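# Secondary and tertiary structure notes
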Amino acid sequence: MTLDEPDAVTSAERPGIDPILKALLDAVPLEFTIDDGVEVARAKIAAVRPPAAMLPDLRIENRILDCGDAGQIPARIYWPPIDGETRPLPVVVFYHGGGWAIGDLDSHDHVARAHAVGARAIVVSVDYRLAPEHPFPAGIEDSWAALQWVGAHAAELGGDPTRLAVAGDSAGGNISAVMAQRARDTAGPALAFQLLWYPATTGDVTLPSFTENADAPMLNSNVTAAFLSWYLPGMDISDASTLPTELAPANAESLAGLPPAYIGTAEHDPLRDDGAHYAKLLAAAGVPVELSNEPTMVHGFVSLALASPVATEATNRGLAALKAALYA
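Source: prediction; values computed, not measured.

Definitions and limits used
Residues numbered from 1 in each chain as written. Predicted model: local features only at pLDDT ≥ 70, side-chain atom pairs only at ≥ 80, totals over all residues. Heavy atoms only, no water. Salt bridge = Lys/Arg side-chain N within 4 Å of Asp/Glu carboxyl O. Buried < 20%, exposed > 50% of the residue type's maximum accessible area, 1.4 Å probe, protein only. Axes fitted to C-alpha atoms, helices over the stretch in contact; angles between N-to-C directions. Helix = DSSP H or I, 4+ residues; strand = E, 2+ residues; numbered from the N terminus. Parallel < 35°, antiparallel > 145°, perpendicular 65-115°, else oblique. Left-handed = near helix turned anticlockwise from the far one by under 90°. Contact = heavy atoms within 4.5 Å. Nonpolar A, V, L, I, M, F, W, Y, C, P; charged D, E, K, R; others polar. Phe/Tyr/Trp six-rings, centres within 6.5 Å; stacked < 30°, edge-to-face > 60°. Lys NZ or Arg CZ within 6 Å of the ring centre and 35° of its normal.

### Notes on the pattern of salt bridges
Under the defined criterion, the tally for this structure stands at 19 salt bridges. We note a salt bridge from Arg272 to Glu267, for which the minimum N-O separation is 2.9 Å. Residue Arg272 shares its accessibility class with Glu267, and that shared class is buried. One salt bridge in this structure joins Arg272 and Asp273, with 2.8 Å as the shortest N-O distance. Judged by relative accessible area, which is 3%, Asp273 ranks as buried.

### Here's the deal with the packing of helix 4 (residues 138-153) against helix 5 (residues 171-185)
Helices that pack against each other are described as a pair by the angle of their axes relative to one another and the distance between those axes. Where helix 4 contacts helix 5, the two axes come as close as 10 Å, and the packing angle between them is 60°. In terms of orientation, helix 4 and helix 5 fall into the oblique class. Helix 4 and helix 5 meet at a crossing whose hand is right-handed. In contact with Ile140, Glu141, Ser143, Trp144 and Leu147 of helix 4, helix 5 contributes Asn174, Ile175, Val178, Met179, Arg182 and Ala183. Of the residues contributing to the contact of helix 4 with helix 5, the split by class is 7 nonpolar, 2 polar and 2 charged.

### Overview of the packing of aromatic side chains
According to the stated counting rule, one finds 8 aromatic pairs in the structure shown. Considering the side-chain rings of Phe32 and Phe227, the 5.5 Å spacing of their centres and the 70° angle between planes classify their relative orientation as edge-to-face. Of the two residues, Phe32 is situated in the loop between helix 1 (19-27) and helix 2 (38-46) and Phe227 in helix 7 (residues 221-231); the sequence distance between them amounts to 195 residues. Here Phe32 and Phe227 have matching classes, each one buried. What links up through ring pairs into an aromatic cluster is the set Trp197, Tyr198, Tyr262 and Phe301. One cation-aromatic arrangement involves Arg59 over Trp79; the distance from NZ or CZ to the ring centre is 3.6 Å. Positioned above the aromatic ring of Tyr327 is the side chain of Arg163, whose terminal nitrogen or guanidinium carbon lies 5.0 Å from the ring centre.

Here's what the structure looks like:
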C-alpha cells in the first residue's frame with residue numbers, strides 16, 4: 001500500500017462515514033468536554049461495550065504483574081484456541097486507547113479477544129495508570145514495566161519470547177510506538193512487530209486532518225483538548241517538534257532498527273495525517289511498514305468492529321499483518 005499522505009480532498013469528494021457506524025454513534029454519542037470531567041468521559045466509553053454473547057469464548061485470566069521497583073500492574077491475559085498447536089505461541093502486549101485518561105481492561109476486552117484470535121497469539125492487556133490522576137509519564141512507565149515482565153515471563157504463559165509484539169489503539173498506539181523505541185534503545189525485549197491503530201505519534205495538532213475532522217465522531221476537537229489537558233497538565237505543546245520522544249515518538253533522532261509496523265488510520269479522524277506521517281518516517285528509516293487508511297472509518301473503528309462489517313474488514317487487515325509477522 002502507498003505511504004503517501006492522504007491528498008487534500010473536499011468533503012464532497014471523499015467517501016462518507018460507514019452508515020452503520022454513523023447510526024451507532026448518532027444514537028450513542030461519545031463526545032465530552034474538559035468541563036464534563038473525566039468520570040463522565042469514562043462512563044461514556046463504558047457504555048458502548050458489546051454484549052458478552054457476541055464475544056469469542058477464550059481462556060482468560062486476570063493477573064497482577066509483580067514488576068519489582070515499578071510496583072504491581074494489573075493485566076488480563078488471553079489465550080487463543082490452539083487447534084493442536086504444540087509449540088509456544090507468540091505474545092502480544094496490548095495497550096488500550098482512551099486518550100491516556102479513559103478506558104480499561106473491560107472497555108477493551110472485546111478488542112483484546114479479537115487480537116488473540118486474529119493473531120493466534122497470547123495477548124497481555126495492560127491496565128496502566130490513567131490521567132488526570134496519574135499524568136504523563138506514569139502510564140508510559142507502567143507500560144514499559146509490563147513489557148519487561150512479559151519478556152521475562154513469556155515462557156511461563158506458554159509463549160515464545162522470540163515472537164513478541166506490541167499493539168494498541170489511539171493512545172495505546174502511541175504507547176506501543178514508544179515501547180518499540182524503548183525496547184530498541186535498551187536492548188530488549190526484542191520485538192517482532194508493532195501494530196499501531198490510529199496512533200498519536202507527532203503531537204502536531206496543526207496537521208490538516210485535525211482541521212478537516214474537527215467535528216468528527218469519537219474524537220472531535222473538544223475531546224482532544226480534554227485528553228491533552230488531563231494527560232499533559234501545564235505542558236506547552238504549541239511546538240510539536242520540541243516534545244519529548246516518549247510523548248511524540250516521531251521526534252526520535254533515528255527510527256532505524258525499529259520492528260516492522262502496520263499503521264491503520266481512518267479517513268474521518270483527526271489523527272489520520274499523524275499516522276500517515278509516522279509511516280513515512282519509518283519507511284524513510286528503512287523500517288518495513290504498511291499503512292492502511294480506511295476511507296469510511298472513524299477514530300476507534302477497531303472498538304466498533306463487531307457493529308460494522310466494514311470495520312471488521314479493516315480490523316482484520318491489521319490482525320492478518322500481525323499474525324503473518326509472528327508466524328513468519
